[in-house]
Amino acid sequence: EKELESKLPLRGKKILITAGPTYEAIDPVRFIGNHSSGKMGFDIAHSAANLGAEVILVSGPTNFKSNHSGIKVIPVVTAQEMYDACHEYFATVDVAIAAAAVADYRPKNVATQKIKKAAVNFVIEMEKTKDILLSMGELKKNQFLIGFALETENEIENAKLKIQKKNLDLIVLNSLQDEGAGFKKATNKVTFIDKDFNIEPMELKSKEAVADDILNKIKAYFHE
Ligand code: CTP
Ligand code: CA
């Protein structure tokens, strides 16, 4: 039993993870999306499942697959679908990690027919989507809540504001500053900031290694 616990320290823990982009329809054949591959979220899911956690992975469109017995993948397309899936599970989990690149806006009206080319300029009116992580922060009871942040200016200050606004325990700040970090890349340069504003800059490393670092934070939370 002791040995099992050291090999599978997250046995009995349930972890909700969001991954990938969302696609917001413009018309039946077009959408607004982003370059997120889903890799970071899938890597976190695998690290967590390998430590014995039961993982619910809510993922936007991605080429990644998982047949790990500890991972249940829930495929979604839009921000609203991701929101609904997260809310179905949030109350039952011990940890939630928002690694998805959720669209902040979606077309206000979705055309039912393919839009024909006509005028020289074409404007799409957009409306805000729901902030999934913010809503989980509002509902939070004992869950350990982890968010990501992507900033191009005032990185640390903006990340701290996100911790407070979204009621997070930890934020993983992605640096786009460094070559070799970010979307479509195999590596990430991150800085961890916790709710007490302790700042921990990490080396540039593979997304698998960043995932392991995140799981180390979760293990520490359960064992302190
Ligand atoms: N997030 C979310 N739902 C949204 C938007 C963002 O769950 N509708 C989550 C992301 O998964 C990430 C965190 O919120 O964990 C921060 O996302 P980010 O885009 O950096 O910040 P925003 O709060 O959307 O603010 P802005 O884009 O204006 O910086
Ligand atoms: Ca955003």
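Small disclaimer: the values here were computed from a predicted structure and weren't measured.

Colleague: I'd love a proper account of the environment of Lys-114, names of residues and values included.
Modeller: Take Lys-114: it is sitting in the loop between strand 7 (105-107) and strand 8 (126-128). Residue Lys-114 is classed as exposed on the basis of its 10 C-beta neighbours within 10 Å. For the pair Lys-114 and Asp-27, spaced 87 residues apart in sequence, the C-alpha to C-alpha distance is 5.6 Å. Among residues more than four places away in sequence, those in contact with Lys-114 are Asp-27, Pro-28 and Val-29.

Colleague: Describe the UniProt feature "binding site: CTP" (unreviewed entry) in the protein, naming the residues involved and giving the relevant values.
Modeller: With numbering aligned to this structure, UniProt lists the feature "binding site: CTP" (unreviewed entry) at Asp-104, Lys-114, Phe-148, Lys-162 and Lys-166. Spatial dispersion of the annotated residues is evident: they stretch over 63 residues in sequence, and the largest pairwise C-alpha distance comes to 38.1 Å. Along the chain, Phe-148 turns up in strand 9 (residues 144-151). Among the residues examined, Phe-148 registers 23 C-beta atoms within 10 Å and is labelled buried.

Colleague: Provide a residue-level description of the nonpolar core, including the pertinent values.
Modeller: Ile-17, Ala-48 and Val-55 are the most contacted members of the largest nonpolar core, which has 54 residues in total. Looking at this core element by element, the count peaks at six residues for helix 2 (residues 39-50). Beyond its immediate sequence surroundings of up to four residues, Val-55 is in contact with Ile-15, Ile-17, Ala-45, Ala-48, Ala-49, Gly-70, Ile-71 and Lys-72.

Colleague: So what's going on with the sheet that holds strand 9? Residues and values would help.
Modeller: Two modes of strand pairing occur in sheets, parallel and antiparallel, and in both the strands are linked by backbone hydrogen bonds. In space, the eight strands of this open sheet follow the order 5-4-1-6-9-10-12-13, with mixed pairing throughout. The sheet is open, and its two borders are formed by strand 5 (71-75) and strand 13 (199-201), each paired with just one other strand. Shown here is a sheet whose adjacent strand axes are inclined to one another by a mean of 15°, direction ignored. Its contacts with the sheet place helix 5 (residues 155-166) against strand 9, strand 10 (170-175), strand 12 (190-194) and strand 13, and it is angled at close to 145° to strand 9.

Colleague: Talk me through the site of ligand 1; I want residue IDs and the actual numbers.
Modeller: Within the structure, ligand 1 sits among 15 residues, and Ala-98, Val-102, Ile-132, Leu-133 and Gly-147 are positioned closest to it. Those elements that place two or more of their residues in the shell around ligand 1 are helix 4 (132-139) and strand 9. For the shell around ligand 1, the per-class residue count stands at nine nonpolar, three polar and three charged.

Procedures and definitions
Residues numbered from 1 in each chain as written. Chains lettered and ligands numbered in written order. Predicted model: local features only at pLDDT ≥ 70, side-chain atom pairs only at ≥ 80, totals over all residues. Helix = DSSP H or I, 4+ residues; strand = E, 2+ residues; numbered from the N terminus. Buried ≥ 20, exposed ≤ 12 C-beta atoms within 10 Å, placed from the backbone. Contact = placed C-beta atoms within 7 Å. UniProt positions renumbered as here; feature names shortened; annotations may be inferred. Core = buried A, V, L, I, M, F, W, Y, C linked by C-beta atoms within 7 Å. Pairing = 2+ DSSP bridges. Axes fitted to C-alpha atoms, helices over the stretch in contact; angles between N-to-C directions. Near = placed C-beta within 6 Å. Nonpolar A, V, L, I, M, F, W, Y, C, P; charged D, E, K, R; others polar.

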